[in-house]
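Chain residues, written in single-letter form:
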Amino acid sequence: MITPQTMLVSLKEVGSTVLYLLAAAALIEVILYLVLVKWLKYKYAFAFMLMAPAIVGLFFLIIYPLLWELRLSFTNMSLRAFRDPDFIGLTNYIKVFTEPVLKQKYFFPLLGQTVVWTVINIFFHVTGGLALAMLLNRNMKGRGIYRTILILPWAIPQVIAVLAWRGEFNYTYGYFNVLLQAIGLQPIQWMTNPTANFAAMCITNIWLGIPFMMVTLLGGLQSINSEYYEAAEMDGASGWQKFKSITYPLLQPVLTPAVLLGTFWTFNNFNVPFFINQNELESSDILVTGLFRAAFQYNRYGFAAAFAFVIFALLLIFTIFYMRYTKTLKGDAQS
Amino acid sequence: MKKSYLFLAIALIATLVLGACAQPGTPQEPADEGIVINLWTKEGETDGGLQYVQALADAYTAQNPNVTFVVVNKDVETLREDFQTASLADAPPELLWTVSDHLGPFTAADLIQPVDSLVDLGAYVPSAVDAVKDPSGATWGVPISNGNHLMYLYNKDLQPVPPANTDELIAMGADLIDAGITPLVVNQTEPFFFVPWLGGFETEVFAADGVTPTLDTPEMVAALQFVHDIKFNDGLMPLESDGDVADTMFKEGQAAAIINGDWSLGTYKELFGDSLGVAPIPEVVGGTWPAPYTSGVFFMIPKDLSGPTLDAVVDFMVFATNLENQVEMVEKLTRLPALAAALDDPIITADPILAGSAEQMTYGTPMPTVLEMRCVWDALKPEMQAVFNDTKSATDAAAAAQAAAVACIANQ
């Protein structure tokens with residue numbers, strides 16, 4: 001339904017926005033030059049001039065919205081108090097822990113579901129990714145082709161992939177149930193059975209997440225000096241001993257940030273739980289989908305803002321503890 | 001060197017100031033640059049609704065070249081959410097084509113404007129206008145079609161005669177199951193498709209005051225138990241079906257009947273021809289006729305729209321609902337018109353499908369448009385699904401729905 005006229009209007013709007021952004025960036029540079037170089041003769045003026053557009057962009061795209069959301073979290077903004085909400089202090093933060101955040105589910109059970117979701121996915125991402133990386137880290141014919149095929153899930157836009165998977169979980173027309181019925185088994189109610197729906201979410205996300213882990217760990221494996229393996233070979237070490245004593249410890253500097261990133265992305269994954277959980281089962285919701293529903297389906301904007309900051313605080317605490325516990329980012333690979 | 005930078009700074013500031021006078025993303029002023037109307041519609045492609053809306057917009061632009069449309073389809077709930085979000089960002093579309101139950105949230109949040117002074121509402125069917133009136137008498141939408149109600153649609157090749165009551169529905173269903181046909185399909189994910197049965201069991205979602213939820217009643221439990229039993233005990237419905245699956249099964253001849261809305265009539269009529277039957281949803285034995293919600297489809301206008309753009313929007317609304325276009329809508333989409341004068345057109349009076357649709361409307365009940373209805377939908381949905389999934393008893397589901405609705409209303 002996109003007509004040439006619609007495209008022209010869109011290009012005109014986008015083009016003018018880009019023009020204003022470029023003009024604004026140029027203006028900022030000119031002002032900084034006049035002030036920092038010509039007037040103050042500041043030593044690091046050039047560095048500031050290079051960073052300035054990014055700093056301004058980050059401020060308007062991240063800092064300002066965060067501050068606005070923080071302010072929102074202290075108000076009672078909802079449909080009845082939409083344009084002029086009242087300040088209610090910490091009430092929303094208290095409500096996050098004392099009232100259902102969905103229709104019936106409270107915060108801690110939802111947190112538990114999110115943790116289970118994250119742990120299951122990370123386990124299979126790391127296990128599957130490492131297994132595939134080790135298989136690919138050998139000289140063999142067609143390695144490039146295998147690597148390309150295995151990376152394909154990562155290349156497909158996530159929403160498209162998730163919607164395609166959802167179609168395959170359809171009770172009547174989905175391929176999984178067609179296969180099950182073909183071999184004489186009962187079809188599964190992927191969308192309405194809580195356990196089956198959660199499994200469908202995990203299957204989809206594991207398929208999507210393995211390529212990233214595989215590529216990252218493959219890079220780590222290729223950076224391990226082969227002399228270690230040669231020395232181990234000479235000492236008669238078994239495959240498992242080589243893995244335990246050489247591969248795993250030397251992979252830690254790569255594995256730790258990969259697991260950390262994977263944890264954040266999985267913990268905050270919206271697309272898979274939201275689209276696979278088509279029937280809005282509360283048993284399949286995680287924190288971020290609960291947050292979306294609170295904001296945009298239940299119109300509890302102030303409450304949702306407080307909820308978002310609670311989730312942020314959780315992840316921040318996790319990050320601090322994980323980095324201190326593993327110490328691997330300090331380069332202490334051997335435990 | 002210094003002078004050239006100064007000149008560049010002045011030139012850039014001047015560019016920004018001049019550019020700020022014509023901000024991107026907003027409709028341009030008329031005459032020289034034309035008006036762009038962003039029209040968000042709930043009409044989808046499957047039943048031809050979106051194509052019809054686009055054709056209307058194109059026809060209007062052909063007569064008024066300075067007014068162009070950007071027609072965007074969003075499903076009903078997405079349209080509501082996105083309109084609220086866009087309004088918060090002061091960037092709403094210029095016109096909505098949507099359902100009446102959006103009235104509650106939009107008026108509570110002060111996002112739309114009344115239309116009493118903009119169009120002659122006396123030209124429309126009174127029941128259609130009443131569907132978007134608030135208690136103070138203000139009217140918040142211009143009717144496009146009347147009805148938007150559910151009915152029992154059946155394939156005469158598989159089921160020559162529709163069941164008159166629920167006992168007949170079950171008996172006929174047993175014969176169809178033996179023949180390998182699914183007797184009945186319905187969207188099992190949305191409570192809108194469940195509420196007609198409440199009328200059959202003589203209950204409603206609100207008390208007499210129209211805002212206090214009454215979801216935990218013996219009648220509600222009976223209605224939930226009924227839909228559970230016809231699915232699991234009598235096997236009339238598939239284990240899972242959303243709107244798309246139900247629609248596909250009916251179109252492919254895998255299901256003998258579907259409970260669906262007037263928006264689907266056009267497509268089914270084209271596909272089945274004279275084999276399409278329309279009847280009221282079967283009467284509940286020991287109760288009464290199920291009462292689907294009736295409302296319609298309406299234009300709604302954002303609160304802050306004014307000036308030449310508002311004039312163009314009003315002119316388009318009048319154009320879209322004139323006699324010629326209303327009759328064309330009946331022909332193409334098989335929906336009851338909102339314009340009173342169109343009801344007398346032979347295309348309506350002589351059409352058995354429209355007659356069936358109109359008959360179902362006589363058993364219908366106006367859909368509540370208060371903001372509290374949002375809470376009822378949100379509360380009923382998971383509980384109804386739990387009963388359909390056999391994971392919760394009807395008694396527990398009704399109690400949980402009532403508690404959720406009360407809590408939601410308290411938080412509004």
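Conventions we followed
- Residues numbered from 1 in each chain as written.
- Chains lettered and ligands numbered in written order.
- Predicted model: local features only at pLDDT ≥ 70, side-chain atom pairs only at ≥ 80, totals over all residues.
- Helix = DSSP H or I, 4+ residues; strand = E, 2+ residues; numbered from the N terminus.
- Rg over C-alpha atoms; globule rule 2.2 N^0.38 Å.
- Buried ≥ 20, exposed ≤ 12 C-beta atoms within 10 Å, placed from the backbone.
- Contact = placed C-beta atoms within 7 Å.
- Nonpolar A, V, L, I, M, F, W, Y, C, P; charged D, E, K, R; others polar.
- Axes fitted to C-alpha atoms, helices over the stretch in contact; angles between N-to-C directions.
- Parallel < 35°, antiparallel > 145°, perpendicular 65-115°, else oblique.
- Left-handed = near helix turned anticlockwise from the far one by under 90°.
- Pairing = 2+ DSSP bridges.
- Domains from an automatic or database assignment.

Summing up its helical and strand segments, chain B has 16 helices and 11 strands in all. Computed over its C-alpha atoms, the radius of gyration of chain B comes to 24 Å, within 12% of the 22 Å expected for a compact globule of 412 residues. Dimensions along the principal axes, computed over C-alpha positions, put chain B at roughly 90 × 50 × 45 Å. Here chain B holds 412 residues, and 51% of them are scored as buried. The contacts in chain B between residues at least 6 apart in sequence include a share of 75% that link residues at least 24 apart.

In this complex, chain A contributes 39 residues to the contact, which on the side of chain B involves 42 residues. Counting only elements with at least two residues in the side of chain A that touches chain B, the list comes to helix 1 (4-39) and helix 12 (287-297) of chain A. Sort the elements by how many residues they give to the side of chain A that touches chain B and helix 1 of chain A lands first, with 14 residues. Partitioned by chemical class, the residues of the side of chain A that touches chain B number 17 nonpolar, 15 polar and 7 charged.

What follows deals with the packing of helix 5 (residues 143-155) of chain A against helix 8 (residues 194-222) of chain A. All names here are of chain A. Between helix 5 and helix 8, whose axes approach to 7 Å, the crossing angle comes to 120 degrees. Comparing the axis directions of helix 5 and helix 8 gives the class oblique. Crossing angle aside, the handedness with which helix 5 passes helix 8 is left-handed. Judged by residue contacts, Leu150, Ile151, Pro153 and Trp154 of helix 5 engage Trp207, Leu208, Pro211, Phe212, Met214 and Val215 from helix 8. Looking at the contact of helix 5 with helix 8 residue by residue, the class counts come to 10 nonpolar, no polar and no charged.

Residues and elements named next belong to chain B. Taken in spatial order, the 4 strands line up as 6-7-5-8 in an open sheet, and their pairing is mixed. Two strands in the sheet have a free side with no partner beyond their single neighbour: strand 6 (182-185) and strand 8 (276-279). The average undirected angle you get between the axes of adjacent strands in this sheet is 20 degrees. Sheet analysis places strand 6 next to strand 7 (residues 255-261), joined by 3 bridges and oriented parallel. Residue leucine 184 lies in a different strand from strand 7, and its bridge partner there is alanine 257. In the packing of helix 6 (residues 166-178) onto the sheet, the strands contacted are strand 6 and strand 7, and the crossing angle to strand 6 comes to about 120 degrees.

What follows concerns the domain arrangement of chain A. In terms of domains, chain A is made up of domain 1 (4-57) and domain 2 (97-330). The straight-line distance from the C-alpha centre of domain 1 of chain A to that of domain 2 of chain A is 39 Å.

Turning to the domain arrangement of chain B, a few remarks are in order. Residues and elements named next belong to chain B. As far as domains go, chain B holds domain 1 (26-147 + 295-365) and domain 2 (150-291 + 371-411). One C-alpha centre belongs to domain 1, the other to domain 2, and the line joining them spans 28 Å. Counting from both sides, the interface comprises 22 residues of domain 1 and, opposite them, 19 residues of domain 2. Among the secondary structure elements, those contributing two or more residues to the side of domain 1 that touches domain 2 are helix 4 (103-108), helix 12 (323-333) and helix 14 (352-363). Taken together, the residues that form the side of domain 1 that touches domain 2 break down as 6 nonpolar, 11 polar and 5 charged.

In this fold, glutamate 282 of chain A is placed in the loop between helix 11 (271-276) and helix 12. The spatial distance from the C-alpha of glutamate 282 of chain A to the C-alpha of glutamine 104 of chain A is 8.0 Å, given a sequence separation of 178 residues. Excluding its chain neighbours within four sequence positions, the residues that come into contact with glutamate 282 of chain A are Leu102, Lys103, Gln104 and Lys105 of chain A together with Pro382 of chain B.

A word on the pairing of strand 9 (residues 293-300) of chain B. Residues and elements named next belong to chain B. Burial within strand 9 is extensive, with 8 of its 8 residues counted as buried. The sheet contact formed by strand 4 (residues 142-147) and strand 9 spans 5 bridges and is antiparallel. Bridge pairing in strand 9 places asparagine 146 opposite glycine 296. Sheet analysis places strand 9 next to strand 11 (residues 365-366), joined by 2 bridges and oriented parallel. For tyrosine 293, the partnering residue across the bridge sits in strand 11 and is threonine 365.

Residues and elements named next belong to chain B. A positive phi angle, close to 55 degrees, is found at aspartate 110, a residue other than glycine. Given 14 C-beta atoms within a 10 Å radius, aspartate 110 is considered partly exposed. One non-glycine residue, aspartate 390, lies in the positive phi region at around 65 degrees.

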